[in-house]
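# Observations on the model geometry
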Amino acid sequence: MSKVRIAFDADNHLGETPAWSAGEQALYWVNCEHPPELHRWHPESGDHRVWPMPKRIGGFVFKESGGLLVALKDGVYDFDLETCALDLRAPSPFPEHVNLHECCTDRQGRFWIGGYDTRYPGDRNAMDAGYCRLEGNRLVKEAGEVHVSNGLAFGANGRTMYGTGTPTRRVDAWDLDPATGKLSNRREYITLPDGEGFADGATVDAEGGYWLANVGAGALRRYLPDGTLDRIEPLTFSFPTKPAFGGPDMKTLFVTSGKNSAPGGIPDAVPGGPVFALEPGETGIPELPFAG
């Protein structure tokens, strides 16, 4: 069991999508809402900067050319960190009641993003969200029938995509064609047992281990590529949202958190809202910037 500590007390309502910038030796993440913000923190200097966003933000990726691609509720925008200019690159392909949510790049530098159907949980059959790939200035839907997209990550060899519809407790895997980005062979990867929380964000380590934020259960779960549960890392808070490896040696696992509560969640020893960190022993894979 790894020691869990507060890395930065961000006081986020819903922290999400941490990503380590190797070039800056800094951690970026978002506060999705209340208020929507992009954050950057340099662990060595302690410098912390916040960029307010005009509407709900689900995530971002680094761009090879500099700056970020930012996922706001209604589209993907190029964001200039110096001027704070937001320029729409691709509107959401989903209906208005679906917000764009977490995003990341695959091992070839393609941009992928999921959505969540805001009619859920009031409507348990609300599944108009899904997963999309960015092609030029258009988001192409590759998978559908999702309530709330989470768990988006790519296998270490670049040939598998993972994702979950959080309320189902099930994480699916797809075969990914490295040359085209096409998905096929959707299948069950893992399903959380009843009473053991829900699936949220995820990352993959250099050995191919899939690290899942276990909302409600207050834990991280590491799975092997074949779906075998390797171990559970208990946390001191009930609402982890997404892990990401970082630090100079890519051995620190940062975990964003929220102040929300999940049905049947464990009591918090430490309130949610900070960015937490632990050293589990595995090494992460550096973020590949968006190549487009």
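Our structure is the block above this text.
This section reports on the structure supplied with the text. (Residues numbered from 1 in each chain as written. Predicted model: local features only at pLDDT ≥ 70, side-chain atom pairs only at ≥ 80, totals over all residues. Heavy atoms only, no water.)

## Quick word on the side chain of His147
The topology assignment puts His147 in the loop between strand E13 (138–146) and strand E14 (149–154). Aside from chain neighbours lying at most four places away, what touches His147 is Gly115, Tyr116, Asp117, Tyr120, Arg124, Ala126, Met127, Ala129, Pro167 and Thr168. (Helix = DSSP H or I, 4+ residues; strand = E, 2+ residues; numbered from the N terminus. Contact = heavy atoms within 4.5 Å.)

## Overview of the pattern of salt bridges
With the rule as written, the count across this model stands at 25 salt bridges. Taking the shortest distance from any N to any O, the salt bridge between Lys63 and Asp78 comes out at 2.7 Å. Taken as a pair, Lys63 in the loop between strand E6 (57–62) and strand E7 (68–72) and Asp78 in strand E8 (residues 75–79) lie far apart in primary sequence, 15 residues in all. With respect to burial, Lys63 and Asp78 carry one shared label: buried. For Asp128, the salt bridge goes to Arg119, with nearest N and O atoms at 3.0 Å. Within this structure, Asp205, Glu207, Arg222, Asp230, Arg231, Glu233 and Glu282 form a network of salt bridges that share partners. (Salt bridge = Lys/Arg side-chain N within 4 Å of Asp/Glu carboxyl O. Buried < 20%, exposed > 50% of the residue type's maximum accessible area, 1.4 Å probe, protein only.)

## Some details on the environment of Gly197
Of note, Gly197 is situated in the loop between strand E17 (183–191) and strand E18 (198–204). As for Gly197 and Ala217, which are separated by 20 residues in sequence, their C-alpha atoms are 4.8 Å apart. If we ignore the near neighbours within four places in the chain, the residues touching Gly197 are Arg169, Leu192, Asn214, Val215 and Ala217.

## Looking at the packing of aromatic side chains
Applying the stated rule across the entire model yields 17 aromatic pairs. On the numbers, 5.2 Å between centres and 80° between planes, the contact of Tyr28 with Phe62 is edge-to-face. Residue Tyr28 is found in strand E3 (residues 26–31), and its partner Phe62 is found in strand E6; the two are separated by 34 residues along the sequence. The buried category is assigned to Phe62, whose relative accessible area is 16%. (Phe/Tyr/Trp six-rings, centres within 6.5 Å; stacked < 30°, edge-to-face > 60°.)

## Some details on the sheet that holds strand E22 (residues 240–246)
With antiparallel pairing, the four strands of this open sheet are ordered in space as E1-E24-E23-E22. Each edge of the open sheet carries a strand with a single partner, namely strand E1 (5–8) and E22. Each strand of the sheet is rotated relative to its neighbour by a mean of 35°, with strand direction disregarded. In the sheet, E1 pairs with strand E24 (residues 275–278) via three bridges, with the strands oriented antiparallel. Within the sheet, the bridge partner assigned to Arg5 lies in E24 and is Ala277. (Pairing = 2+ DSSP bridges. Axes fitted to C-alpha atoms, helices over the stretch in contact; angles between N-to-C directions.)

## Some details on the nonpolar core
Membership of the largest hydrophobic core comes to 27 residues, with the highest contact counts inside it found for Phe111, Ile113, Leu139 and Met161. Contributions of two or more residues to this core are made by E7, strand E10 (98–105), strand E11 (111–117), strand E12 (129–135), E13, E14 and strand E16 (170–176). Not counting chain neighbours up to four residues away, the residues in contact with Met161 comprise Trp112, Tyr131, Leu152, Ala153, Phe154, Asp172, Ala173, Trp174, Leu176 and Leu183. The next biggest cluster of nonpolar side chains, apart from the first, holds 21 residues, and it includes Trp211, Phe237, Leu253 and Ala277. (Core = buried A, V, L, I, M, F, W, Y, C linked by side-chain atoms within 4.5 Å.)

## So, the pairing of E17
As paired strands, E16 and E17 are joined by six bridges and run antiparallel to one another. Looking at E17, one finds that Asp175 is bridged to Ser184. Between E16 and E17, which pair antiparallel one after the other, the connecting turn spans six residues, and Gly181 there sits at a positive phi close to 80°.

## Quick look at the environment of Phe62
Taking C-alpha positions, Phe62 is 8.1 Å from Ser21, a pair spaced 41 residues apart along the chain. Setting aside its immediate chain neighbours within four residues, Phe62 contacts Ala19, Trp20, Ser21, Tyr28, Gly67, Leu68, Glu287, Pro289 and Phe290.

## Structural notes on empty space enclosed by the protein
The full count for this structure, using the stated rule, is one cavity of 30 Å³ or more. Volume-wise, the largest cavity comes out at about 320 Å³. Lining the largest cavity are 27 residues, with Cys104, Thr105, Thr203, Lys242 and Glu287 positioned closest to its centre. Contributing elements (two or more residues each) for the lining of the largest cavity: strand E2 (15–21), E6, E10, E14, E18 and E22. Split by residue class, the lining of the largest cavity holds 20 nonpolar, four polar and three charged. (1 Å grid on protein atoms, 1.4 Å probe; cavity = no way out; pocket = protein on both sides within 12 Å on 5 of 7 lines; lining within 4 Å. Points joined across faces, edges and corners; volume = space filled by probe spheres on them. Nonpolar A, V, L, I, M, F, W, Y, C, P; charged D, E, K, R; others polar.)

## Overview of the pairing of E14
Burial within E14 is extensive, with six of its six residues counted as buried. With four bridges joining them, E14 and strand E15 (residues 160–165) adopt antiparallel strand pairing. Bridge pairing in E15 places Ser149 opposite Gly165. Taken together, E14 and the strand that follows it, E15, pair antiparallel across an intervening segment of five residues, in which Gly158 is found at a positive phi of about 75°.

## Details of unusual backbone geometry
Note the cis peptide between His34 and Pro35, where omega equals -5°. Position of Pro35 relative to the elements: it lies in the loop between E3 and strand E4 (37–41). For Asp11, which is not glycine, the phi dihedral falls at a positive 55°. One non-glycine residue with positive phi stands out, namely Cys84, at about 70°.

By themselves, these figures tell us nothing about what the structure is for.
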